Amino acid sequence: MNQAHPHTHHHGVQHERHQEHDADGQAEILDLDAEVLAEHMASITAWLPLKTSPRQIVDLGCGTGAGTFALLDRFPDAHVTAVDTSAGHLQRLRAKACARGVEERVHTVQADLDDPAWPDLGSPDLVWASASMHHLAHPDRALRNVHDALTPGGLFAVVELAGFPRFLPESAPEDRPGLEERCHAATDRFHAEHMPHRGADWGPMLTAAGFTVEGERTIAVNIEGSRSEAIGRYALVGLQRIRNAVATELSSADLTALDQLLETSSPRSILRRDDLAVRTERAVWAARRT
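All values derive from a computational prediction rather than experimental measurement.

Some words on the packing of helix α2 (residues 38-47) against helix α3 (residues 66-74)
Here α2 crosses α3 at 55 degrees, and the two axes come no closer than 10 Å. Classified by the angle between their axes, α2 and α3 sit oblique to one another. When you trace α2 past α3, the crossing you get is right-handed. Contacts from Met 41, Thr 45 and Ala 46 in α2 reach Ala 66, Gly 67, Ala 70, Leu 71 and Arg 74 in α3.

What about the nonpolar core?
Val 36, Tyr 234, Ile 270 and Val 278 are the most contacted members of the largest nonpolar core, which totals 32 residues. Broken down by element, the residue count for this core peaks at ten residues, all from helix α8 (residues 230-246). What Val 36 contacts, discounting residues up to four positions off in sequence, is Ile 223, Ser 228, Ala 230, Ile 231, Tyr 234 and Val 278. If you look at the next biggest cluster of nonpolar residues, it comprises 26 residues, including Leu 48, Ile 57, Ala 157 and Ala 286.

Re the packing of aromatic side chains
Evaluated as defined, the whole model comprises four aromatic pairs. With a centroid separation of 6.3 Å and 55 degrees between ring planes, the pair formed by Phe 164 and Tyr 234 is classed as tilted. Taken as a pair, Phe 164 in the loop between β5 (155-161) and α6 (179-194) and Tyr 234 in helix α8 lie far apart in primary sequence, 70 residues in all. For the pair shown, Phe 164 and Tyr 234 are each scored as buried.

Digging into unusual backbone geometry
Ala 172 connects to Pro 173 through a cis peptide bond whose omega is -15 degrees. Along the chain, Pro 173 turns up in the loop between β5 and α6. The phi torsion at Ala 131 lies on the positive side, around 55 degrees, for a residue other than glycine. Relative to the assigned elements, Ala 131 resides in the loop between β4 (126-130) and α5 (139-149).

Quick word on the side chain of Ser 266
Secondary-structure assignment places Ser 266 in the loop between α9 (252-262) and β7 (277-288). A relative accessible area of 12% places Ser 266 in the buried class. Dropping the residues within four chain positions of it, Ser 266 is found in contact with Gln 260 and Arg 272.

What to know about the pattern of salt bridges
Per the stated rule, a full pass over the model turns up twelve salt bridges. Across the salt bridge formed by Glu 174 and Arg 273, the nearest N and O atoms sit 3.2 Å from each other. One end of the pair, Glu 174, is in the loop between β5 and α6; the other, Arg 273, is in the loop between α9 and β7, and 99 residues separate them in sequence. One salt-bridge network, in which partners are shared between bridges, spans Asp 31, Arg 92 and Lys 96.

What to know about the sheet that holds strand β6 (residues 212-224)
The strand order β3-β2-β1-β4-β5-β7-β6 describes an open sheet built from seven strands, whose pairing is mixed. The open sheet has two free edges, formed respectively by β3 (106-110) and β6, since each of these has just one partner strand. On average, each strand axis in the sheet is tilted by 15 degrees relative to the strand beside it, whichever way the strands run. Summarising the sheet, β6 and β7 pair through twelve bridges and their orientation is antiparallel. Paired with Gly 215 across the strands is Ala 286, a residue of β7. Along the sheet, helix α4 (residues 87-100) makes contact with β2 (79-84) and β3, crossing β3 at roughly 175 degrees.

Re the layout of surface pockets
As a volume, the second largest pocket reaches approximately 240 Å³. If you go around the second largest pocket, you meet 16 residues; those closest to its centre are Ala 34, Ala 38, Ala 66, Phe 69 and Ala 70. Only α1 (12-36), α2, α3 and α4 provide two or more residues apiece to the lining of the second largest pocket. Looking at the lining of the second largest pocket, its residues break down into eight nonpolar, two polar and six charged.

Concerning the pairing of β2
If a strand is regular, its side chains alternate between the two faces of the sheet. Most of β2 sits out of view: five of its six residues are buried. Pairing between strand β1 (residues 56-60) and β2: five bridges, direction parallel. Across the sheet, Leu 60 pairs through a bridge with Val 83, a residue of β2. Running through α3, the crossover from β1 to the neighbouring parallel element β2 is right-handed. Direction of pairing for β2 relative to β3: parallel, over a ladder of five bridges. Bridging across to β3, Asp 84 finds its partner in Gln 110.

Cut-offs and rules
- Residues numbered from 1 in each chain as written.
- Predicted model: local features only at pLDDT ≥ 70, side-chain atom pairs only at ≥ 80, totals over all residues.
- Heavy atoms only, no water.
- Axes fitted to C-alpha atoms, helices over the stretch in contact; angles between N-to-C directions.
- Helix = DSSP H or I, 4+ residues; strand = E, 2+ residues; numbered from the N terminus.
- Parallel < 35°, antiparallel > 145°, perpendicular 65-115°, else oblique.
- Left-handed = near helix turned anticlockwise from the far one by under 90°.
- Contact = heavy atoms within 4.5 Å.
- Core = buried A, V, L, I, M, F, W, Y, C linked by side-chain atoms within 4.5 Å.
- Buried < 20%, exposed > 50% of the residue type's maximum accessible area, 1.4 Å probe, protein only.
- Phe/Tyr/Trp six-rings, centres within 6.5 Å; stacked < 30°, edge-to-face > 60°.
- Salt bridge = Lys/Arg side-chain N within 4 Å of Asp/Glu carboxyl O.
- Pairing = 2+ DSSP bridges.
- 1 Å grid on protein atoms, 1.4 Å probe; cavity = no way out; pocket = protein on both sides within 12 Å on 5 of 7 lines; lining within 4 Å.
- Points joined across faces, edges and corners; volume = space filled by probe spheres on them.
- Nonpolar A, V, L, I, M, F, W, Y, C, P; charged D, E, K, R; others polar.
- Right-handed = clockwise from strand over helix to strand, strands pointing away.

Here's what the structure looks like:
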C-alpha cells in the first residue's frame, strides 16, 4: 500500500497509462521498503503473541509481498492468502513466489477491502495488515469482517508506519535546510483530508470490533545509509513520489532544491550523498478474537 502519493485523476487512455505508470512506481517503492526494512519486519513477526504456529494466514493489502514473504519465512508450515486491489501487485507477488519456490504456499485474491461484500478468505489463524488499514474509507466494517473471518482464538496484527520515512539530515540540503520536513508537512495536509485514519490509534477501534488487544508496541527505525545500497534508491523514489504530491505547495526555491536532489546526474543528487538514513517508526497492534 502506498503511503506518499495522492491519486491523480485523468480520463480514458491517459488515465490508464497514468495508473500503469503509478502502479510501477508504487511497486518499486514497496519492493525497496521490503528490502530496506526486512529486519524490522522479521522482528515484528517474531514478536506476535501467538499461542500456536498459524497454518492459514491472510495478508490484507499485501502490496508486492513484503509481509507475505516475511510470514512464510517465519512460519514454514503456513499458507498465505494475499489480498490486494492491484492486479499488478499480485502478479509481481506471484512471480516472486515462483522465484522463491513457494508458489504452492501462496494464493492471491484481488479485492477491494472497502467493498461490503468481502471475498471468502476461509478461517485464518492469523490476519496481517501492514500499511493498509489507513487507506480504508470504512475501517470499522473491515475490522468486523476480519473478526468474523478469524478462527476463535485467532490473531489480527495491524502494522502502520508513522508517516513516510525521513532520509536527509535536518541541515540538508545545504541551501534549503529543513526541506524534507516542509515536504512532509505538505503531504500531511493532503493525507489529513484524504486519509483521516492515517496515524490513528487502532486499539480502541479493534476493541469496538470485538477484539481483545493483547499487545502494542512501537518500533523505532533508524538505518544508516552505509548499510544498504538500496537506501539511496529508496530515498530517490520516495522523494520523487512526494514531489508529485506537493509540487504546487512548495516555494519555488524549495522546488528547485528538491529537483536538484532528484536529478540523478546532478552533483547534488541524493544518490551522491553519504549522510542518508531511514528514520521512521512502526506501530503494531496484536488483537485476538476471543
